[in-house]
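# Observations on the three-dimensional arrangement
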Amino acid sequence: MTNNYERIVILTGAGLSAESGLSTFRDKDGIWSKYRIEDVATPEAFARNPEMVLDFYNTRRSGAHDVRPNAAHEALARLEAEHPGSVMTVTQNIDPLHERAGTMNLIHMHGEILKALCAHCGARTAVEENLTVDLACSRCGNSGGMRPDVVWFGEMPYQMERIYAALGKCDLFLSIGTSGNVYPAAGFVAEAGAAGAHTVELNLEPSEGISMFDEAIHGKATEVVPAYVDKLLKR
């Protein structure tokens, strides 16, 4: 494997964090098999029943406080630290595991579960306690608008201009632990491929977009990701 790649972009999804004990969303027994998206993950749901939405996310928040990164997260942080070129990680995950592993150049395109977004003033702040309808924003002082800082269905993911700019310049694109059926992220492989990048899927099983990749390696993230990083770094 060549190590001449200068600009690497990595997309990660729920499959990366599953081995740390966090539930995935779209698997057969995932979160969306137990809840209706329309009830807990849309702006309309929050307007209609904020208590239900906040209870749903408070459960997710409590599970994220003590979870630890796994070998796959640690391998990606090592790649960023040791690769002589640039490495950008774009994650669909709202958990803090990339940061806890040491990744620095990171975009949470779907937001962060341990932060809150004030619907009144737009402030994003880390909040330790449970979110409630009575919680006041530390920036503007208004209550009733503190929602989880996550991108809901019908909302635009964060930092898309920066992501597309990186995809248009990268020479290696890695897609790790993602189902390949959620846009716009599912289209990233086409963007990178059009820019001439070598595209690789590292996933537990073939994704819906498997035919678009130049290379695919399937298996547990904690096994295939460290092995691939070792090859990139020529260990």
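Everything below is about the structure shown above.
Residues numbered from 1 in each chain as written. Predicted model: local features only at pLDDT ≥ 70, side-chain atom pairs only at ≥ 80, totals over all residues. Heavy atoms only, no water.

Read across the sheet, 3 strands follow the order β5-β4-β6 without closing on themselves; strand pairing throughout is antiparallel. For this open sheet the edge positions go to β5 (124-126) and β6 (146-150), each flanked by a neighbour on one side alone. Pairwise comparison of adjacent strand axes, ignoring direction, gives a mean angle of 45° for this sheet. Across the sheet, helix α4 (residues 50-64) is in contact with β4 (111-118) and β6; its angle to β4 comes to roughly 135°. (Pairing = 2+ DSSP bridges. Helix = DSSP H or I, 4+ residues; strand = E, 2+ residues; numbered from the N terminus. Axes fitted to C-alpha atoms, helices over the stretch in contact; angles between N-to-C directions. Contact = heavy atoms within 4.5 Å.)

On to the packing of aromatic side chains, then. Considering all chains together, one arrives at 4 aromatic pairs under this definition. Grouped by ring-pair contacts, the aromatic residues Phe46, Phe56, Tyr57 and Trp152 constitute a single cluster. Across the ring face of Trp152, the terminal group of Arg147 is positioned such that the distance to the ring centre comes to 3.7 Å. (Phe/Tyr/Trp six-rings, centres within 6.5 Å; stacked < 30°, edge-to-face > 60°. Lys NZ or Arg CZ within 6 Å of the ring centre and 35° of its normal.)

A word on the sheet that holds strand β1 (residues 7-12). As summarised here, the arrangement of the 6 strands in space is β3-β2-β1-β7-β8-β9, forming an open sheet in which the pairing is parallel. Looking at strand neighbours, the two that pair on one side only are β3 (106-108) and β9 (215-218), the edges of this open sheet. In this sheet, adjacent strand axes meet at a mean angle of 15° when their direction is disregarded. In terms of strand pairing, strand β7 (residues 172-176) meets strand β8 (residues 198-203) through 5 bridges, oriented parallel. Bridge assignment links Leu174 to a residue of β8, and that residue is Val200. Sitting on the sheet, helix α7 (residues 160-167) is in contact with β1, β2 (86-91), β3 and β7, with an inclination near 135° to β2.

Under the counting rule described, the total for this entry stands at 5 salt bridges. Residues Arg7 and Glu6 are paired through a salt bridge, measuring 3.3 Å at the closest nitrogen-oxygen approach. (Salt bridge = Lys/Arg side-chain N within 4 Å of Asp/Glu carboxyl O.)

Judged by how many residues are buried, β1 sits mostly within the fold: 5 of 6 residues are covered. Two strands pair when backbone bridges link them, and β1 and β2 are joined in this way by 6 bridges, in the parallel orientation. Paired with Val9 across the bridge in β2 is Met88. Bridge analysis of β1 against β7 gives 5 bridges, and the strand direction is parallel. Directly across from Val9, in β7, lies its bridge partner Phe173. (Buried < 20%, exposed > 50% of the residue type's maximum accessible area, 1.4 Å probe, protein only.)

Grouped together as the largest cluster of nonpolar side chains are 22 residues, with contacts concentrated most on Tyr57, Ile113, Met146 and Trp152. Elements with a contribution of two residues or more to this core: α3 (43-48), α4, β4 and β6. Not counting residues within four places of it along the chain, the set of residues in contact with Ile113 comprises Tyr57, Arg60, Arg61, Ala64, Ile94, Asp95 and Val150. Counting residues in each nonpolar core, the second largest holds 21 residues, with Leu76, Ile176, Leu202 and Leu232 among its members. (Core = buried A, V, L, I, M, F, W, Y, C linked by side-chain atoms within 4.5 Å.)

Quick look at the environment of Ser20 now. Mapped onto the fold, Ser20 is located in the loop between α1 (14-17) and α2 (37-40). Residue Ser20 is classed as buried on the basis of its relative accessible area, which comes to 18%. Leaving out residues up to four positions away in the same chain, Ser20 has contacts with Val67, Arg68, Pro69, Asn70, His73 and Leu97.

As a further point, take helix α9 (residues 221-232). Here α9 spans 16 Å end to end across 12 residues, near enough to the 16 Å set by a 1.5 Å rise per residue. Just past α9, the residue Lys234 takes up positive phi, approximately 55°. (Expected span 1.5 Å × (residues − 1).)

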